[in-house]
Amino acid sequence: MPNNDLPKYLQSIFYPLFQHTNSLECQLMLLDEMLEVGDKKEIPFLAELESHENPKISNKAFEIKNELQSKLGLLTETERRRMPMNLCFIYDEFNIRPSKVDKGLEFEIELDILNMKKNRISPS
């Protein structure tokens, strides 16, 4: 079976090592080594380990995944959703100012709640 047909998390070189290790300490050491020698193929495996039943492994996998992505220059899902910094200054760049409130704009909606509070507060 060609390597590309495997699920992405199985393509990590660390997957078989991790599966054949029974010791928690050894599994945590393997996670540390992923940061040292790992590449982008380790990211799906680390994401899979984030849902591991042992909280020490799941927390460490999350930590290592973020550090490895940063080391490799890959964007995280959160960073992908962020707007570029230059969009934060678009108002200044195009000299756009927020519109002023039109004081003549009246919706003629009366808030009964405000009247009820006034009636309760004022002595009868």
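See the structure printed just above.
Residues numbered from 1 in each chain as written. Predicted model: local features only at pLDDT ≥ 70, side-chain atom pairs only at ≥ 80, totals over all residues. Heavy atoms only, no water.

Let us now look at the overall build of the protein. The secondary structure content of the protein amounts to seven helices and zero strands. In the protein, the succession of α and β elements from N to C terminus is α-α-α-α-α-α-α. Out of the 124 residues belonging to the protein, those deemed buried represent 19%. In the protein, the proportion of contacts linking residues at least 24 apart, taken out of those at least 6 apart, comes to 57%. (Helix = DSSP H or I, 4+ residues; strand = E, 2+ residues; numbered from the N terminus. Buried < 20%, exposed > 50% of the residue type's maximum accessible area, 1.4 Å probe, protein only. Contact = heavy atoms within 4.5 Å.)

What follows covers the packing of helix H3 (residues 42–49) against helix H4 (residues 55–72). At a closest axis distance of 8 Å, the pairing of H3 and H4 adopts a crossing angle of 150 degrees. If you check the angle between H3 and H4, you find them roughly antiparallel. When you trace H3 past H4, the crossing you get is left-handed. Along its contact with H3, which presents Glu 42, Ile 43, Leu 46, Ala 47 and Leu 49, the element H4 presents Ile 57, Ser 58, Ala 61, Ile 64, Lys 65, Leu 68 and Gln 69. The class makeup of the residues in the contact of H3 with H4 is eight nonpolar, two polar and two charged. (Axes fitted to C-alpha atoms, helices over the stretch in contact; angles between N-to-C directions. Parallel < 35°, antiparallel > 145°, perpendicular 65-115°, else oblique. Left-handed = near helix turned anticlockwise from the far one by under 90°. Nonpolar A, V, L, I, M, F, W, Y, C, P; charged D, E, K, R; others polar.)

Note that side chains of opposite charge can pair when their charged atoms are close. Following the criterion strictly, the structure yields two salt bridges and no others. Measuring nitrogen to oxygen at the nearest pair gives 2.8 Å for the salt bridge that ties Asp 32 to Lys 60. Remark: Lys 60 occurs in helix H4 and Asp 32 occurs in helix H2 (residues 24–37); sequence separation between them is 28 residues. Among the ionic pairs, Glu 50 bridges to Lys 65, the shortest N-O distance being 3.1 Å. Of this pair, Glu 50 sits in the loop between H3 and H4 while Lys 65 sits in helix H4, and the two are 15 residues apart along the sequence. (Salt bridge = Lys/Arg side-chain N within 4 Å of Asp/Glu carboxyl O.)

This paragraph deals with H4. For H4, which comprises 18 residues, the first-to-last C-alpha distance of 25 Å matches the rise-based estimate of 26 Å (1.5 Å per residue) to within 8%. Listed in full, the buried residues belonging to H4 are Ile 57, Ser 58, Ala 61, Ile 64, Lys 65, Leu 68 and Gln 69. Buried residues of H4, viewed axially, fall in a sector of 135 degrees; they line one side. Turned more than 90 degrees away from the buried face of H4, the exposed residues are Pro 55, Lys 56, Asn 59 and Ser 70. Of the surrounding secondary structure, the elements contacted by the buried residues of H4 are helix H1 (14–19), H2 and H3. (Expected span 1.5 Å × (residues − 1). Arc of directions from axis to C-beta.)

Attention now moves to the packing of aromatic side chains. Taken as a whole and judged by the stated rule, the model has two aromatic pairs. Centre to centre, the rings of Tyr 15 and Phe 45 are 5.5 Å apart; their planes meet at 80 degrees, and the pair counts as edge-to-face. Here Tyr 15 is found in helix H1, whereas its partner Phe 45 is found in helix H3, with 30 residues between them in sequence. Accessibility expressed as a relative area gives 1% for Phe 45, which makes it buried. Taken together, a centroid distance of 5.7 Å and an interplanar angle of 80 degrees make the contact between Phe 18 and Phe 45 edge-to-face. Highlighted residues: Phe 18 in helix H1 and Phe 45 in helix H3, separated in sequence by 27 residues. Relative accessible area serves as the criterion here: at 3%, Phe 18 is assigned to the buried category. (Phe/Tyr/Trp six-rings, centres within 6.5 Å; stacked < 30°, edge-to-face > 60°.)

Don't take any of this as a statement about function, it's just geometry.
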